[in-house]
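Coordinate inspection notes
Now for the letters of each chain:
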Amino acid sequence: MLKVGVLGAGHLGKIHLRLLNQSDKYELVGFYDENHENGAKIAAEFGYKQFDTIAKLIHAVDVIDIVTPTLSHYKCAKVSIKSGKHVFIEKPISTTVAEAEEIIALAKEYNVKGQVGHVERFNPAFIAVKDQIENPMFIETHRLAEFNPRGTDVPVVLDLMIHDIDAILSVVKSKVKAVHASGVSVLSQSPDIANARIEFENGCVANITSSRISMKNMRKSRFFQKDAYISVDYLDKICEVVKMKEAPEVPGDFDMILQNAEGEKKQIYFNNPEVSHNNAILDELETFADAINNNTTPIVTLEDGTEALRVAYMIIDSMNEK
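Residues numbered from 1 in each chain as written. Predicted model: local features only at pLDDT ≥ 70, side-chain atom pairs only at ≥ 80, totals over all residues. Heavy atoms only, no water.

An unreviewed UniProt entry annotates the chain as Gfo/Idh/MocA family oxidoreductase originating from Flavobacterium aureirubrum.

So this is what it looks like as structure tokens:
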């Protein structure tokens, strides 16, 4: 079991503490929170050990789980890595791309592993269809959330949209060619609603919409590729695959056949892959433990987190130009 410590005991930090305490791959040593009063309450309520300095916690563990506000990710990661500790960093990896690139360089220099908390990669609906997403040419995503003051210190692109950016980059094996985006600030000082069109060098286009002032929550993506349409509902954890193949010579009574203007006939068939329900946050933490113990590549690398941040800032820059 790897000894692990958590930096940050806010809303998400408390979830990480609970899951790490349950995991049979980690030994939860304790946590540090800069709000000592908040930390004392959590320590008293749940029995986790509270450390009074970051340095003492880092010294006591093998792995540091960074669940602090984004502004401090770089500082926390830097001191942890320089102490030779593996780091799990909640998304986004850092405040700037330059900071993220330095985190990558430090991890290589000190020979430690790092993973970024892009949790939708571990969503069971996405996992169920990921292997069937092959060379998509058009992607449409909607991530809508009811207003929550937590997270509004950053643009909605870094708060919500970055989930979909990372998922898209994981299935489109091509470089980004161009980005066009628009955003509107409604309640916050930064954009609360954003739409981005990402064009890739291979011709794929992704249209992404995110909002944090919606009346209802929605987290859906649709992937269109040759002879297939794949939908993923991250919220309800369901997915659907609609495929086309050459129509049989003699269709069955219940076969769905479409004919185009050229007279070609295609049979449509539906598939609802089985979704194995999981705890995505626990899975991302435990697969990181596996990567450390087996000396393999983490599922969401520091490089993945940096690329998602880079594209996010391309979107923000495009919005600022307008």
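After presenting the structure, the write-up continues.
**So, the sheet that holds strand β13 (residues 256-259)**
Strand order in the open sheet made by the 9 strands is β7-β8-β9-β6-β10-β11-β12-β14-β13, with mixed pairing throughout. Single-partner strands in this sheet number two, and they are β7 (176-184) and β13. Strand-to-strand twist in this sheet, taken as the mean axis angle between neighbours without regard to direction, amounts to 15 degrees. Looking at chain direction, strand β10 (residues 218-225) and strand β11 (residues 228-233) are connected through 6 bridges and run antiparallel. Bridge pairing links Gln225 to Ala228 in β11. Seen against the sheet, helix α9 (residues 302-321) touches β7 and β8 (193-200) and runs at an angle of roughly 55 degrees to β7. (Pairing = 2+ DSSP bridges. Helix = DSSP H or I, 4+ residues; strand = E, 2+ residues; numbered from the N terminus. Axes fitted to C-alpha atoms, helices over the stretch in contact; angles between N-to-C directions. Contact = heavy atoms within 4.5 Å.)

**Section: the packing of helix α1 (residues 11-22) against helix α8 (residues 280-294)**
For the pair α1 and α8, interaxial distance at closest approach is 10 Å and the crossing angle is 65 degrees. For the pair α1 and α8, the crossing hand works out as right-handed. Listed contacts from α8 to Leu12, Ile15, His16, Leu19 and Leu20 of α1 are Ile281, Leu282, Glu284 and Leu285. Of the residues contributing to the contact of α1 with α8, the split by class is 7 nonpolar, 1 polar and 1 charged. (Left-handed = near helix turned anticlockwise from the far one by under 90°. Nonpolar A, V, L, I, M, F, W, Y, C, P; charged D, E, K, R; others polar.)

**Notes on the nonpolar core**
Judged by nonpolar contacts, the single largest core of 94 residues is most densely connected at Tyr26, Val157, Ile165, Ile198, Phe200 and Ile315. At 11 residues, the largest contribution of residues to this core is made by helix α7 (residues 156-171). Setting aside residues no more than four positions away along its own chain, Val157 makes contact with Ile162, Ile165, Ala194, Ala312, Ile315, Ile316 and Met319. (Core = buried A, V, L, I, M, F, W, Y, C linked by side-chain atoms within 4.5 Å. Buried < 20%, exposed > 50% of the residue type's maximum accessible area, 1.4 Å probe, protein only.)

**A few points about α9**
At 3.6 residues per turn, the α-helix brings residues three or four places apart onto the same side. Between its first and last C-alpha atoms α9 spans 29 Å; for 20 residues at 1.5 Å apiece the expected length is 28 Å, and the two agree. Restricting attention to buried positions, one finds in α9 the residues Leu302, Gly305, Thr306, Ala308, Leu309, Val311, Ala312, Ile315, Ile316, Ser318 and Met319. Among the structural elements, β4 (86-90), α5 (97-109), β5 (114-117), α7, β7 and β8 are those in contact with the buried residues of α9. (Expected span 1.5 Å × (residues − 1).)

**Comments concerning the pairing of strand β3 (residues 63-66)**
The side-chain alternation of β3 yields two buried faces, one formed by Val63 and Asp65 and the other by Ile64 and Ile66. Note that strand β1 (residues 2-7) and β3 share 4 bridges and pair parallel. Each residue of the ladder has a partner; that of Val6, found in β3, is Asp65. Examined bridge by bridge, β3 and β4 share 4 bridges and lie parallel to one another. Bridging from a neighbouring strand, Ile66 pairs with Ile89 of β4.

**Quick notes on the UniProt feature "domain: Gfo/Idh/MocA-like oxidoreductase N-terminal" (unreviewed entry) in the chain**
Taking the UniProt record as the reference, the feature "domain: Gfo/Idh/MocA-like oxidoreductase N-terminal" (unreviewed entry) is found at residues 2-118. The distance separating the terminal C-alpha atoms of residues 2-118 is 21 Å; by composition the span is 44% helix and 22% strand. (UniProt positions renumbered as here; feature names shortened; annotations may be inferred.)

**What to know about the pattern of salt bridges**
For the coordinates displayed, the defined rule picks out 15 salt bridges. Across the pair Lys56 and Asp52 runs a salt bridge, and its minimum N-O distance is 3.2 Å. A residue is classified by how much of its surface remains accessible, and Lys56, at 47% relative accessible area, is partly exposed. Judged by its relative accessible area of 45%, Asp52 falls in the partly exposed class. (Salt bridge = Lys/Arg side-chain N within 4 Å of Asp/Glu carboxyl O.)

**Brief notes about the sheet that holds β4**
The strand order β2-β1-β3-β4-β5 describes an open sheet built from 5 strands, whose pairing is parallel. In this open sheet, the two edge strands, each paired with only one partner strand, are β2 (26-32) and β5. Ignoring strand direction, the axes of neighbouring strands in this sheet form an average angle of 20 degrees. Each of β1, β2, β3 and β4 touches α1; the most contacted strand, β2, lies at about 150 degrees to it. Here helix α4 (residues 73-82) sits on the sheet and contacts β1, β3 and β4; the angle it forms with β4, its principal contact strand, is near 170 degrees.

**Details of the environment of Leu7**
By the secondary structure assignment, Leu7 is in strand β1. Separated by 234 residues in the primary sequence, Leu7 and Val241 place their C-alpha atoms 40 Å from one another. For Leu7, the contacting residues outside a window of four places in its chain are Tyr32, Ile54, Leu57, Ile64, Asp65, Ile66, Val67, Thr68, Cys76 and Ser80.

**Description of the packing of α4 against α5**
For the pair α4 and α5, interaxial distance at closest approach is 10 Å and the crossing angle is 10 degrees. The angle between α4 and α5 falls in the class roughly parallel. From α4, Tyr74, Ala77, Lys78, Ile81 and Lys82 reach across to α5, where they touch Glu99, Glu102, Ile103, Leu106 and Ala107. Here the residues of the contact of α4 with α5 sort into 6 nonpolar, no polar and 4 charged. (Parallel < 35°, antiparallel > 145°, perpendicular 65-115°, else oblique.)

**What about unusual backbone geometry?**
A cis amide bond links Lys91 with the next residue in sequence, Pro92, at an omega value of -15 degrees. Positionally, Pro92 belongs in the loop between β4 and α5. A positive phi angle, near 55 degrees, is found at Asn111, a position not held by glycine. Tracing the sequence through the fold places Asn111 in the loop between α5 and β5. Phi is positive for Asp227, close to 65 degrees, though the residue is something other than glycine. Positionally, Asp227 belongs in the loop between β10 and β11. Here Asp227 falls in the partly exposed class, since its relative accessible area comes to 27%.

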